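Letter by letter, the chains look like this.
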Amino acid sequence: MQRARQCLSLAAVAVLSCALGDNIPVDSAYAENGLSTAARITAVYRVDLAGFNLGDFKLTTTFRGEEYQMRGEGRFTILQGLVYEWRGVTASTGRVTSDGPTPAMYALNYSDGGKKTAQLRMIFDDRGVTSVSMFPGKRPSPRTIPVTQDQLEGVLDPMSGAFLSAHSEDPNGDLNVCNQTLPVFDGMQRFDLVITPKRAINVQRATPGGYAGPAVICAVKFIPIAGYQPDNPGIKLMSQTNEIEVWLIPVRNTKMYVPYRIVLPTPIGFGSALVTSIQVAGARRASAEP
């Protein structure tokens, strides 16, 4: 049971962090106009794991000129919390520049059914991560590959990488948004996500408030770099699998593409997150809004 709870917590953190995205440079017109026209994007994701519906994850992104604020909230349970319960809040702030997202702060707070709580906070400057604080503190295992300062330069936090990097002039399903590598640091692990195009599709509306329209399916390869133990079974599974996917959809009246569906294997079965509702305030072009 303890091992299963650890796997569930790992999957919950992965989904809440939304650690699937891309790192495409953003042109100045996109930084000045493409985001600011969509003042707020609110998306709700249904999260499933190994055939169980765990709950919902709500993400709200607010733009003020080049500045952005992101906040995600999730509560995941099995059998109304009798078997498992996990609550978490994550946040990211920063700017969108001509070179892409420039994060300033990333935070993650969560509790595992009252049995475990944790808080993580990262601070960035224009070059990368400058500080990381965690509570409770934990001494790394001797088997953990250490993260070096050089490896923290030019990285994105999971949220800004997933939601603020992919863009295209084509709102009809541009596979080019799948063709890049994302360098990410989640506060503990440094890894790359190598993203390649698979195919373009049209998705049907799955819920009354859901999305219908063009989407692109991207294959994702997880490349661990540092901050992990080589004998960790979850890391081995993620790095060896070819079954991680992210589906990206265009956001109305912007050049942005954001995750519609995320699928990844875990030690206890496949995990997924699927958009059930997405609302765009201050936008007019028809795409990711019913």
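Residues numbered from 1 in each chain as written. Predicted model: local features only at pLDDT ≥ 70, side-chain atom pairs only at ≥ 80, totals over all residues. Heavy atoms only, no water.

Enquirer: What exactly am I supposed to notice about the overall build of the chain here?
Expert: When helices and strands are counted, the chain shows four helices and 13 strands. Within the chain, the proportion of its 290 residues that are buried is 53%. A fraction of 61% describes how many contacts in the chain between residues 6 or more apart in sequence connect residues 24 or more apart. For the chain, the exposed surface amounts to about 13200 Å²; the carbon and sulfur share of it is 51%. (Helix = DSSP H or I, 4+ residues; strand = E, 2+ residues; numbered from the N terminus. Buried < 20%, exposed > 50% of the residue type's maximum accessible area, 1.4 Å probe, protein only. Contact = heavy atoms within 4.5 Å. Areas by Shrake-Rupley, 256 points an atom, 1.4 Å probe, with all protein chains shown as cover.)

Enquirer: Got a minute to help me understand the packing of aromatic side chains in this structure?
Expert: Any two aromatic rings considered together are summarised by their centre-to-centre distance and by the angle between their planes. Within this structure, the stated rule accounts for six aromatic pairs. Among the aromatic residues, those joined into a ring-pair cluster are Phe76, Trp86 and Tyr110. Lying over the aromatic face of Trp247, Arg261 brings its terminal NZ or CZ to 5.1 Å of the ring centre. (Phe/Tyr/Trp six-rings, centres within 6.5 Å; stacked < 30°, edge-to-face > 60°. Lys NZ or Arg CZ within 6 Å of the ring centre and 35° of its normal.)

Enquirer: Which parts of the structure should I look at to understand helix 4 (residues 233-240)?
Expert: The α-helix advances 3.6 residues per turn, and as a result positions three or four apart in sequence lie on the same side. Among the residues making up helix 4, those that are buried are Gly234, Ile235 and Met238. Down the axis of helix 4, the buried set is contained in an arc of 95°. They therefore lie on one face. Where helix 4 starts, the residue carrying a side-chain oxygen 2.8 Å from the main-chain nitrogen of Gly234 turns out to be Asn232. (Arc of directions from axis to C-beta. Polar contact = N/O pair within 3.5 Å; in protein donor to acceptor, adjacent residues only side chain to side chain.)

Enquirer: Please explain the pairing of strand 11 (residues 244-250) as it appears in this structure.
Expert: The side chains of a regular strand alternate between both faces of the sheet. For strand 11, the buried fraction is high: seven of the seven residues fall into the buried class. Between strand 11 and strand 12 (residues 257-266), which pair antiparallel and follow one another directly, the connecting turn spans six residues, one of which, Asn253, has a positive phi of 65°. (Pairing = 2+ DSSP bridges.)

Enquirer: Looking at this structure, how should I read the state of the cysteines?
Expert: A covalent bond bridging the sulfur atoms of two cysteines is what the word disulfide describes. With the rule as written, the count across this model stands at one disulfide. The disulfide bridge from Cys178 ends at Cys218, spanning 2.0 Å between sulfur atoms. In this structure, the disulfide formed by Cys178 and Cys218 twists by about -60° around the S-S bond and is classed as left-handed. Taken together, the residues span a long stretch of sequence, with Cys178 in the loop between helix 3 (158-163) and strand 8 (180-185) and Cys218 in strand 10 (residues 213-226) at a distance of 40 residues. Comparing Cys178 with Cys218, the two get one shared label, buried. (Disulfide = S-S within 2.5 Å.)

Enquirer: It is not clear to me how the side chain of Lys255 should be interpreted in this structure. Could you clarify?
Expert: In this structure, Lys255 sits in the loop between strand 11 and strand 12. Looking at Lys255, its side chain comes within polar contact range of the side chain of Glu169, at 3.0 Å.

Enquirer: Mind showing me how you'd approach the pairing of strand 5 (residues 100-111) here?
Expert: Extensive coverage of strand 5 is indicated by the burial of ten of its twelve residues. Sheet topology note: the strand 5/strand 6 (residues 117-124) ladder contains seven bridges and is antiparallel. Bridge assignment links Ala107 to a residue of strand 6, and that residue is Arg121.

Enquirer: Before we go on, may I ask you to explain the environment of Asn253 in this structure?
Expert: Within the secondary structure, Asn253 is located in the loop between strand 11 and strand 12. By relative accessible area, which is 26% here, Asn253 ends up partly exposed. Separated by 27 residues in sequence, Asn253 and Val280 place their C-alpha atoms 8.9 Å apart.

Enquirer: Please explain the pattern of salt bridges as it appears in this structure.
Expert: Close approach of charged atoms allows side chains of opposite charge to pair. A complete count under the given rule lists ten salt bridges for this structure. Taking the shortest distance from any N to any O, the salt bridge between Glu85 and Arg87 comes out at 3.1 Å. For Arg87, a relative accessible area of 42% puts it in the partly exposed group. Residues Asp126 and Arg95 are paired through a salt bridge, measuring 3.6 Å at the closest nitrogen-oxygen approach. Of the two residues, Asp126 is situated in the loop between strand 6 and strand 7 (129-135) and Arg95 in strand 4 (residues 84-97); the sequence distance between them amounts to 31 residues. Arg95 sits in the partly exposed class, given a relative accessible area of 32%. Each of the salt bridges in this network shares a partner with another, and the network as a whole consists of Glu66, Arg95 and Asp126. (Salt bridge = Lys/Arg side-chain N within 4 Å of Asp/Glu carboxyl O.)

Enquirer: Is there a simple way to explain the confidence of the model for the chain in this structure?
Expert: Interpretation of this model should avoid reading the predicted coordinates in detail wherever pLDDT is low. Residues with a pLDDT of 70 or more make up 80% of the chain, whose mean pLDDT is 81. Mean pLDDT values for the elements of the chain range from 37 in helix 2 (residues 28-34) up to 95 in strand 10. Throughout residues 1-36 the model reports pLDDT below 50, and contacts reaching past four residues in sequence, or to other chains, amount to 113 contacts. Across residues 283-287, confidence stays below pLDDT 50; counting only partners more than four residues off in sequence or on other chains, it has 16 contacts. (pLDDT = per-residue confidence, 0-100.)

Enquirer: Explain a nonpolar patch on the surface to me, please; I cannot follow it from the model alone.
Expert: A contiguous nonpolar patch, built from Val132, Met134 and Met188 and spanning about 260 Å² of accessible area, is present on the exposed surface. With respect to the secondary-structure elements, Met134 resides in strand 7. (Patch = residues over 30% accessible without salt bridge, like charges linked within 9 Å, V, L, I, M, F, W, Y side chains within 5 Å.)

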